[in-house]
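# Structural description and commentary
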Amino acid sequence: MAEAESDTVRPSAVGGQLWRGRTPGRPAPSIMVGTGEVASALEPKDLERMMELEGHLSAASTTVFLSHKSPQGLLNLAGGGSFLVPYVIMLIVEGMPLLYLELAVGQRMRQGSIGAWRTVSPYLGGVGLASVVVSFFLSTYYNIINAWAFWYLFHSFQEPLPWAVCPLNDNRTGYDEECEKASSTQYFWYRKTLNISPSIQDSGRVQWEPALCLVLAWLVVYLCILRGTETTGKVVYFTALLPYCVLIIYLVRGLTLHGATNGLAYMFTPKLEQLGNPKAWINAATQIFFSLGLGFGSLIAFASYNEPSNNCQKHAVIVSLINSATSIFASIVTFSIYGFKATFNYESCLNKVILLLTNAFDLEDGFLTTSNLEQVKGYLASAFPDKYSEVLPQMKNCSLQSELATAVQGTGLSFIVYTEAIKNMEVSQLWSVLYFFMLLMLGIGSMLGNTAAILTPLTDSKVISSHLPKEAISGLVCFVNCVIGLVFTMESGNYWFDIFNDYAATLSLLLIVLVETIAVCYVYGLRRFESDLKAMTGRALSWYWKAMWAGVSPLLIVSLFVFYLSDYILTGTLQYQAWDAVQGQLVTKDYPPYALAIIGLLVAASIMCIPLVALGTFVTRCLKRGDTPPVA
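Residues numbered from 1 in each chain as written. Predicted model: local features only at pLDDT ≥ 70, side-chain atom pairs only at ≥ 80, totals over all residues. Heavy atoms only, no water.

Moving on: the overall build of the protein. Helix and strand counts for the protein stand at 25 helices and 4 strands. Within the protein, contacts between residues separated by at least 24 positions form 80% of all contacts whose residues are at least 6 apart in sequence. Here the protein displays about 26,100 Å² of accessible surface, and carbon together with sulfur accounts for 64% of that area. (Helix = DSSP H or I, 4+ residues; strand = E, 2+ residues; numbered from the N terminus. Contact = heavy atoms within 4.5 Å. Areas by Shrake-Rupley, 256 points an atom, 1.4 Å probe, with all protein chains shown as cover.)

As structure tokens, this is what we get:
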């Protein structure tokens, strides 16, 4: 269990009230703008801290749409208005209230996640510890995305792009068979980047090139967090603002691409029947939950550096709205690119059918066009039924809607679908460099928040901080994560990545945030917490926040928790997608027993921190009470 966090008592600017403060000499810049009579203009340190928080959330939100983290988010936004309705509602009843709750707890308790919840109740130290464990798991596997981004960035300077065409076979008599059955982008991802094994049981060896990229990714993260908040606040100016610039450039380029309107129409076409589907509401809630980074402890860590008088309520609303707007903006950019890719594939499919029929029936060149294709196919089927039936198995069923639906499914969205579109653009190297550099900045921005959730409790610990300097603690955390992360550079590493991505955080975060809301409202006391916030900011807590914290948000989290558990139970044996090199496609396989055991350990490792720490605290107190001599 982590040691007790160091804190001092210092007077607050609010009515002389005493608050628990940071260790003397430790910087306490503000994330938020001051309230009341405090000037609304942001001081350099204030802007730096707010940029740090917003940069982390915007990066997390955007990578939800551009990386592996939550591919279903893109698919859900394709429902258009029918998804935006539950998305906005969940933002109001779940996103903003829980974001405000964590910021307020951090600002009030003035400590990292472990110390903050231990201050609420000695029995709740396990909540903070569970957040640290989840953040540790996330940091362990999440940085491999940055390693892949480095890998693709380095290869983006080649002409042509290495994923643009299939390589020749060993005899140089044709293209590689696996690549021909799949596609050039899939081949480069699964064979050249991952060198993926056929199943999770075939571990294979560590791939040295991705491993070096992973080491580089952790080195960059270490340099960014070297001095804690003193360096991350400056780095985040770059990691938060540059992706917006690149997204704007991509938006302009995407809207000028042929077929971009098809992607945007697919995204915004209402599918009202989805409003009656409970899964659409569950997915909207999950999307909000993870894009805001609730339960990881990073929000509490950031807010613990605020001045007590800062209006965290105002900025919880602002940041959550900007975060969601960033998600929607990123999805517009993405679907314009997907529309181009889907249209290109659709028209290529039609041209292949036209060429096939022209050669098979000796038609005049130019006679068959996309406009009269269906009419001519009907004529040929009726006039030459025998010959047409021979050709029919060779004809693909070309559908623009199927291409659009395919564009937002599957693993490796950033490294397969986007590269498929980029390779067909003019000056493809430029667009590839811009895209992967943006993805890298977003990934590093997310990693700054993840590591902050781990480092803040460690640097607050008297035992650790008294023996190791801040730089050594940061280096040790990065080194341990990097060593464990080498598992994801093995031939079976992508399967282990999927396990961590799917099971290391989801259920754990739901339970953590549920306990947090219950702890504030019913353990610490909602009225007591309300008076604390009023003393800090000078503003009373409105009925909206109290209703969300005390009732609506906890019930919603319980519903999510029940849904996930029932979904896992109804699914039966857990399965994963394995790459079949012979077929050139993904196939479904069952997880082996040892993989199921590791999945259980991943979930239990964080969740069990809560009851075990509470039990340990109870036993310790009972033993101390028993050793205390009776008072005469």
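Right, picking up where we left off after that structure.
So, on to the environment of Leu509. With respect to the helices, strands and loops of the structure, Leu509 is situated in helix 22 (residues 506-537). Residue class for Leu509 comes out buried when judged on its relative accessible area of 0%. Taking C-alpha positions, Leu509 is 7.7 Å from Ser131, a pair spaced 378 residues apart along the chain. Those residues in contact with Leu509, other than ones at most four positions away along the chain, are Val134, Phe289, Phe290, Leu294, Gly295 and Phe296. (Buried < 20%, exposed > 50% of the residue type's maximum accessible area, 1.4 Å probe, protein only.)

When the terminal C-alpha atoms of helix 8 (residues 208-224) are compared, their 24 Å separation across 17 residues agrees well with the 24 Å that a helix rising 1.5 Å per residue should span. Among all positions in helix 8, only Pro210, Ala211, Cys213, Leu214, Ala217, Trp218, Val221 and Cys224 are buried. Around the axis of helix 8, the buried residues are gathered within 160° of arc, so they sit on the same side. Of the exposed residues in helix 8, those oriented more than 90 degrees away from the buried face are Trp208, Leu212 and Leu223. (Expected span 1.5 Å × (residues − 1). Arc of directions from axis to C-beta.)

All right, on to the UniProt feature "binding site: Na(+)" (unreviewed entry) in the protein then. The positions that UniProt labels "binding site: Na(+)" (unreviewed entry) are, in the present scheme, Ser291, Asn323, Leu442 and Ser446. Annotated residues spanning 156 residues; largest pairwise C-alpha distance 13.1 Å, indicating a single compact cluster. Structurally, Leu442 can be placed in helix 18 (residues 428-460). Looking at Leu442, the relative accessible area reads 3%, which means it is buried. Its place among the elements puts Ser446 in helix 18. (UniProt positions renumbered as here; feature names shortened; annotations may be inferred.)

Note: disulfide means a covalent bond formed between the sulfur atoms of two cysteine side chains. By the definition in use, this model includes 2 disulfides. A disulfide bridge connects Cys166 with Cys179, and the sulfur atoms are separated by 1.9 Å. Since a negative S-S torsion denotes a left-handed disulfide, the Cys166-Cys179 link at about -80° is left-handed. Of this pair, Cys166 sits in the loop between helix 5 (125-155) and helix 6 (177-181) while Cys179 sits in helix 6; the two residues are 13 residues apart in sequence, bridging distant segments of the chain. With respect to burial, Cys166 and Cys179 carry one shared label: buried. (Disulfide = S-S within 2.5 Å.)

Let's shift gears to a nonpolar patch on the surface. Taken together, Leu468, Leu476, Phe479, Val480, Val483 and Ile484 make up a surface patch of nonpolar side chains, about 500 Å² in accessible area. By secondary structure assignment, the location of Leu476 is in helix 20 (residues 470-485). (Patch = residues over 30% accessible without salt bridge, like charges linked within 9 Å, V, L, I, M, F, W, Y side chains within 5 Å. Salt bridge = Lys/Arg side-chain N within 4 Å of Asp/Glu carboxyl O.)

For a regular strand, side chains alternate in direction, first toward one face of the sheet and then toward the other. Relative to strand 4 (residues 585-590), strand 3 (residues 575-580) is paired through 6 bridges, and the arrangement is antiparallel. From the neighbouring strand, Asp580 faces strand 4, where its bridge partner is Gln585. Counted between consecutive antiparallel strands, the loop separating strand 3 from strand 4 contains 4 residues, among which Gly584 sits at a positive phi close to 70°. (Pairing = 2+ DSSP bridges.)

A complete count under the given rule lists 40 aromatic pairs for this structure. Ring plane angle 65° and centroid distance 5.4 Å describe the contact between Tyr250 and Trp431, whose orientation is recorded as edge-to-face. Taken together, the residues span a long stretch of sequence, with Tyr250 in helix 9 (residues 229-255) and Trp431 in helix 18 at a distance of 181 residues. Judged by its relative accessible area of 12%, Trp431 falls in the buried class. Between Tyr544 and Trp545, the ring centres sit 4.8 Å apart and the planes meet at 65°, which makes this aromatic pair edge-to-face. Stacked on the ring of Phe361, the Lys or Arg Lys387 has its end atom at 5.3 Å from the ring centre. (Phe/Tyr/Trp six-rings, centres within 6.5 Å; stacked < 30°, edge-to-face > 60°. Lys NZ or Arg CZ within 6 Å of the ring centre and 35° of its normal.)

Scanning the entire structure with this criterion turns up 6 salt bridges. With a closest N to O distance of 3.1 Å, Arg191 and Glu178 form a salt bridge. Of the two residues, Arg191 sits in helix 7 (residues 184-193) while Glu178 sits in helix 6, which places them 13 residues apart along the sequence. Note on accessibility: Arg191 and Glu178 belong to one class, buried. For Glu374, the salt bridge goes to Lys377, with nearest N and O atoms at 3.7 Å. A residue pair is termed a helical-turn pair when its members lie 3 or 4 positions apart in one helix, as Glu374 and Lys377 do in helix 14 (residues 373-383) at 3 residues. Given the relative accessible area of 57%, Glu374 is considered exposed. The class for Lys377 is buried, based on a relative accessible area of 19%.

Predicted coordinates in regions of low pLDDT should not be interpreted in detail. In the predicted model, the protein carries a mean pLDDT of 81, and the fraction of residues at 70 or more is 83%. Within the protein, helix 8 carries the highest mean pLDDT (94), whereas strand 1 (residues 8-11) carries the lowest (33). In the model, residues 58-78 has pLDDT below 50 throughout and makes 79 contacts with residues more than four positions away in sequence or in other chains. (pLDDT = per-residue confidence, 0-100.)

Turning our eyes to something else, we now look at unusual backbone geometry. In this chain, Glu159 is followed by Pro160 through a cis amide linkage whose omega measures -5°. Following the sequence through the fold, Pro160 ends up in the loop between helix 5 and helix 6. Within the chain, Arg172 stands out as a residue other than glycine whose phi angle is a positive 55°. In this fold, Arg172 is placed in the loop between helix 5 and helix 6. Positive phi, close to 50°, is recorded for Asp362, a residue that is not glycine. By the secondary structure assignment, Asp362 is in the loop between helix 13 (312-360) and helix 14. For Asp362, a relative accessible area of 67% puts it in the exposed group.

Axis separation between helix 8 and helix 20 bottoms out at 10 Å; the angle between their running directions is 160°. With respect to each other, helix 8 and helix 20 are oriented roughly antiparallel. Our pair here, helix 8 against helix 20, has a crossing hand that is right-handed. Residues Leu214, Val215, Trp218, Val221 and Tyr222 of helix 8 lie in contact with helix 20, whose contacting residues are Glu471, Ser474, Gly475, Cys478, Asn481, Cys482 and Gly485. (Axes fitted to C-alpha atoms, helices over the stretch in contact; angles between N-to-C directions. Parallel < 35°, antiparallel > 145°, perpendicular 65-115°, else oblique. Left-handed = near helix turned anticlockwise from the far one by under 90°.)

Note that Ser320 resides in helix 13. Beyond its immediate stretch of four places on either side in the chain, Ser320 contacts Leu91, Met96, Leu99 and Leu292.

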